[in-house]
Amino acid sequence: YYSVGGGFVVDEDAVGADRIVLDDTVLKYPFRTGDELLRLARETGLSISALMLENERAWRDEDEIREGLLEIWRVMRACVERGMTREGILTGGLKVRRRAANTARKLRSEGDPQALAMEWITLYAMAVNEENAAGGRVVTAPTNGAAGIIPAVLKYTIEFISDDLERDIPTFLLTAAAIGMLYKRGATISAAEGGCMAEVGVACSMAAGAFAACMGASPETIEQAAEIGIEHNLGLTCDPIGGLVQAPCIERNALGATKAISSANLALSS
């Protein structure tokens, strides 16, 4: 059996074969492309997150959906917080030193968090990916190697932007999921297949669109934010030193998180 990335495991006979989707549940608003998603939003008047919520009802009721989304956020938050307290050298032989805890101490001593918001979002992403490199518990978003971007941007949204967490956490995660589905169905989220643009690039795109959604953007603007997020990661290769998800991966997540905010702001301003 082979892990080919993006959550897929195949046997040797299936390597290179088309992947089969076994779940044939009928959804209320099925879509496979960005055009189809925008058409559904126009026809129904629903937001992208609301469309996703309706589709999720095919498997579970709304209370279960919302509790599941909040549990995903709780695991993400715990990972960030754990990563900001752990120190030492990451295993693997590269002697990469964990930096998040020291950075957190410095930022806490420097005063107004609002004035240092981008430094904080960088810290959140690094904290998660140091945990990933150390074998800690992360949420694949969309993969382990790109697991720091969505938690960082969501925590930034919660800490610095949101005035309604019960609204914004589901909006963020459902919107990010819709965008991630477009890549998983239409291209790949595996760095083994598509380079790091398929992991960090997709995570950046997902986070950009999700952040725009929490800022009240239209479906068209959300998709523009997602497009900017992936566009400026195109060609990004996957070549980690020694095969370890440490260098350049940890810093790459930090840069992907700040790039997601910039992508959303570009779309919102235009």
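This text goes with the structure placed above it.
To start, this report covers the structure provided alongside it.

What counts, and where the lines are drawn
- Residues numbered from 1 in each chain as written.
- Predicted model: local features only at pLDDT ≥ 70, side-chain atom pairs only at ≥ 80, totals over all residues.
- Heavy atoms only, no water.
- Core = buried A, V, L, I, M, F, W, Y, C linked by side-chain atoms within 4.5 Å.
- Buried < 20%, exposed > 50% of the residue type's maximum accessible area, 1.4 Å probe, protein only.
- Helix = DSSP H or I, 4+ residues; strand = E, 2+ residues; numbered from the N terminus.
- Phe/Tyr/Trp six-rings, centres within 6.5 Å; stacked < 30°, edge-to-face > 60°.
- Lys NZ or Arg CZ within 6 Å of the ring centre and 35° of its normal.

1. A short note on the nonpolar core
Soluble globular proteins: nonpolar side chains tend toward being buried together.
Alright, step 1. Residues Met84, Trp120, Ile150, Val153, Phe172 and Leu173 are the most contacted members of the largest nonpolar core, which totals 82 residues.
Alright, step 2. Among the elements that line this core, the one with the most residues is helix H9 (residues 200-214), at 12 residues.

2. A word on unusual backbone geometry
Alright, step 1. Across the junction of Ala141 and Pro142, the peptide omega takes the value 0°, indicating a cis bond.
Alright, step 2. Turning to its location among the elements, Pro142 is positioned in the loop between helix H5 (117-133) and helix H6 (149-161).
Alright, step 3. Following Ala247, the chain continues to Pro248 via a peptide bond in cis, the omega torsion being 10°.
Alright, step 4. Here Pro248 lies in the loop between helix H10 (219-231) and helix H11 (249-269).
Alright, step 5. A positive phi angle, near 60°, is found at Lys95, a position not held by glycine.
Alright, step 6. Note that Lys95 resides in the loop between helix H3 (62-83) and helix H4 (100-109).
Alright, step 7. You can call Lys95 exposed: its relative accessible area is 66%.

3. A closer look at the packing of aromatic side chains
Alright, step 1. Using the criterion set out here, one finds 3 aromatic pairs in the structure.
Alright, step 2. Aromatic side chains Trp120 and Tyr124 sit 6.0 Å apart centroid to centroid with 40° between the ring planes, which places their arrangement in the tilted category. Here Trp120 pairs with Tyr124, and both are found in helix H5, just 4 residues apart, close to one helical turn.
Alright, step 3. For Trp120, a relative accessible area of 9% corresponds to the buried category.
Alright, step 4. Grouped by ring-pair contacts, the aromatic residues Tyr156, Phe160 and Phe211 constitute a single cluster.
Alright, step 5. A cation over a ring is seen here: Lys155 above Tyr124, with NZ or CZ 5.2 Å from the ring centre.

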